[in-house]
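Residue-level structure breakdown
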Amino acid sequence: MRPRRLSAPVLLLLPAFIVLAAVVLVPLLLSLYSSFTPFRLTRPATFFTFIWFDNYISIFASRDFWWAFGRTVLLLTVALNLEMLLGLGLAMLVEKASRGQRLLRTLMMFPMMFSPILVGFQFKFMFNDNVGVVNNALQSLGLSNSAIPWLIDGGLAFFAISAAEIWSSTSVFAILILAGLLAMPKEPIEAARVDGCTPWQTFRYVTWPFVMPFAYIAMTIRSLDVARAYDIVKIMTDGGPAGRTELLWTLISRTAYGDARMGLANAMAYVSIILSIVFTVYFFRKLAAARVQIGAEW
Amino acid sequence: MMDDNATARFKRRLLKIAHQVGLLLAMVIICLPGIWIMLTSLRPPVEIMAKPPVWIPQEINLDAYVAMFSGVGKGGIPVLEYFRNSLIISVTSTVIAIAIGMAGGYAFARFRFRGKSGLFLGLMLTRTVPGIALSLPLFFVYARLGIIDTHFGLILAYVALNIPFTIWLIDGFFRQVPKDLAEAAQIDGCTRWQAFWQVEFPLAGPGIASSAIFAFLTSWNEFALASQLTRSVNSKTLPVGLLDYTAEFTIDWRGMCALAVVMIIPALTLTFIVQKHLVSGLTSGAVKG
């Protein structure tokens with residue numbers, strides 16, 4: 001029997017598969033395996049001891065892990081929701097602007113160009129208790145007498161990190177939602193106004209359903225790269241003070257490279273991977289649903 | 001009646017002012033951090049550290065940049081080497097990722113096959129894996145293969161990182177090119193291959209260029225993988241270099257700000273070039289699905 005010729009799409013997608021298999025899938029299988037071993041970098045022999053779910057049991061029993069997990073989910077929930085709201089607000093402000101829209105749109109993209117590590121550095125500098133511009137401003141304006149320890153107090157540090165995260169990603173939402181607003185036909189809005197809708201009703205029942213898929217595109221793009229918060233936290237506080245801003249990802253890196261406990265870290269990494277996948281699949285399905293709705297209506 | 005008119009006009013004006021103020025405030029928040037970094041890199045350290053703060057710069061100079069690029073001098077960060085590494089790694093991985101992504105994106109845009117949407121989601125999911133989680137097995141594998149701290153290792157990782165998103169974008173751009181054009185070319189005697197290069201590729205060209213810039217920026221900015229897979233001047237990239245500043249020295253704010261500005265300039269220029277295409281590529285792929 002002659003081997004069937006590979007069809008065109010398979011052939012075209014083959015290089016992508018090969019690279020992704022080599023760099024992502026196979027290594028992930030390896031890390032799945034090693035999450036069932038007590039593997040330590042310093043003792044290579046431990047790679048071959050199989051201990052079943054002991055690593056998972058010990059991370060699920062660990063309070064530090066659950067704190068980091070909860071903090072990560074909290075940060076993501078707060079950040080994504082605020083980014084969406086602020087992005088929507090920003091997009092509407094820019095859309096309403098009568099002059100200089102091009103310039104405004106360009107300025108709006110500004111934070112997108114900053115790598116997370118730069119965002120982290122920038123906010124670390126601004127929130128520095130001694131030389132930071134935030135404290136300097138508060139003191140110069142007479143709003144505060146003493147230096148506020150932004151990155152030294154646990155709660156404040158969490159706030160500072162959220163601020164950095166939101167600053168860096170709001171523009172993704174704003175840009176895509178703005179694209180939606182600009183692509184929207186004007187007739188339905190006028191029709192709604194003629195029919196006597198209040199501005200809120202117009203927004204809720206006419207504008208929002210049209211713009212929603214664009215918001216979901218932004219959400220999906222964001223959820224692909226949700227772990228970028230690692231870079232921000234790494235440079236701003238490195239999980240400190242005393243683990244008060246530890247996220248899942250900084251905990252993984254500390255366990256793996258600080259304590260050299262690879263097996264345990266891989267178990268945690270799997271939890272983080274599943275978390276990311278859940279986020280992405282959720283928004284992908286929302287996006288697909290919104291797309292169907294749009295397809296039906298427009 | 002007059003009164004009603006007056007209040008309505010007043011209300012409208014008030015709304016307009018609120019709108020302007022809101023817009024101004026938003027733009028200040030967006031732009032201020034970057035401007036502040038830029039300004040700090042130009043000021044002498046005495047002014048940066050001054051208590052009470054000096055708001056209006058008294059003295060502006062380029063000392064920080066001169067020190068940074070004059071080799072391993074004060075600060076001791078080999079910025080030139082890091083810059084070179086970043087450039088080599090980002091450019092190479094972008095070229096490869098675009099070549100592979102173009103093939104994949106074309107397959108998604110032009111062919112119908114079984115399990116297409118599932119496959120697309122699967123591709124995206126490989127991108128979702130957090131860098132730090134992926135770095136654990138890669139670190140292990142790379143150490144075994146002896147490609148830790150090499151350009152090759154990082155390039156390979158970044159190609160894989162960029163493929164899914166590149167496919168998404170390029171898929172969107174090829175969809176915008178009408179199918180009929182290539183078909184017409186084929187009827188006129190082109191092969192499918194010729195039709196692609198002479199008709200579809202030039203039309204999707206700007207979009208592909210902006211996907212390339214996007215891939216470049218992803219590699220240029222990546223930190224989580226680079227921080228574990230690089231060790232020395234051989235392959236360390238700029239983001240890892242920036243962290244060096246915080247780790248090894250009493251923080252030299254001015255030097256770090258200068259390095260930050262050096263990092264941001266290529267990103268800034270490139271993003272401005274692609275901004276229009278980027279949005280249209282993302283949305284067309286997703287909405288018209």
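Definitions and cut-offs
- Residues numbered from 1 in each chain as written.
- Chains lettered and ligands numbered in written order.
- Predicted model: local features only at pLDDT ≥ 70, side-chain atom pairs only at ≥ 80, totals over all residues.
- Helix = DSSP H or I, 4+ residues; strand = E, 2+ residues; numbered from the N terminus.
- Rg over C-alpha atoms; globule rule 2.2 N^0.38 Å.
- Buried ≥ 20, exposed ≤ 12 C-beta atoms within 10 Å, placed from the backbone.
- Contact = placed C-beta atoms within 7 Å.
- Domains from an automatic or database assignment.
- Nonpolar A, V, L, I, M, F, W, Y, C, P; charged D, E, K, R; others polar.
- Core = buried A, V, L, I, M, F, W, Y, C linked by C-beta atoms within 7 Å.

1. Examining the overall build of chain B
Looking only at helices and strands, one finds 12 helices and 0 strands in chain B. Ordered by position in the sequence, the α and β elements of chain B form the string α-α-α-α-α-α-α-α-α-α-α-α. Relative to a compact globule of 289 residues, whose C-alpha radius of gyration would be 19 Å, chain B shows 25 Å and is clearly more extended. Expressed along its principal axes, the backbone C-alpha trace of chain B runs to roughly 85 × 75 × 35 Å. In chain B, which comprises 289 residues, the proportion classed as buried is 46%. For chain B, the proportion of contacts with a sequence separation of at least 24, taken over those separated by at least 6, is 76%.

2. Some remarks on the domain arrangement of chain B
Residue and element names in this part refer to chain B. Examined at the domain level, chain B breaks down into domain 1 (2-61) and domain 2 (68-287). Inter-centroid distance (C-alpha atoms) of domain 1 to domain 2 is 34 Å. Across the contact, 7 residues belong to domain 1 and 6 residues belong to domain 2. Only α1 (2-42) and α2 (45-49) provide two or more residues apiece to the side of domain 1 that touches domain 2. When residues of the side of domain 1 that touches domain 2 are assigned to their parent elements, the largest contribution, 4 residues, is made by α1. Residue classes in the side of domain 1 that touches domain 2 are distributed as 4 nonpolar, 2 polar and 1 charged.

3. Some thoughts on the interface of chain A and chain B
Each partner contributes residues to the interface: chain A has 69 residues there, and chain B has 69 residues. The dominant element in the side of chain A that touches chain B, judged by the number of residues it contributes, is helix α1 (residues 8-34) of chain A, at 14 residues. Residues of the side of chain A that touches chain B, tallied by class, amount to 55 nonpolar, 11 polar and 3 charged.

4. Quick look at the nonpolar core
Core analysis: the biggest nonpolar cluster contains 165 residues, and A:Ile177, A:Met268 and B:Ala260 have the highest contact counts within it. Take this core: its biggest share by element is 16 residues, from helix α7 (residues 151-176) of chain B. Residues from two domains meet in this core; each of domain 1 (2-61) and domain 2 (68-287) of chain B gives at least three. Sequence-distant contacts of A:Met268, defined by excluding residues within four places in its chain, comprise A:Ile59, A:Phe65, A:Leu248, A:Leu251, A:Ile252 and A:Thr255.

5. Re helix α10 (residues 229-236) of chain A
All names here are of chain A. Burial analysis of α10 places 8 of its 8 residues in the buried class, which makes it a mostly covered element. Within the sequence span of α10, burial applies to Ala 229, Tyr 230, Asp 231, Ile 232, Val 233, Lys 234, Ile 235 and Met 236. Of the residues one or two after α10, Asp 238 is the one with positive phi, at around 55 degrees.

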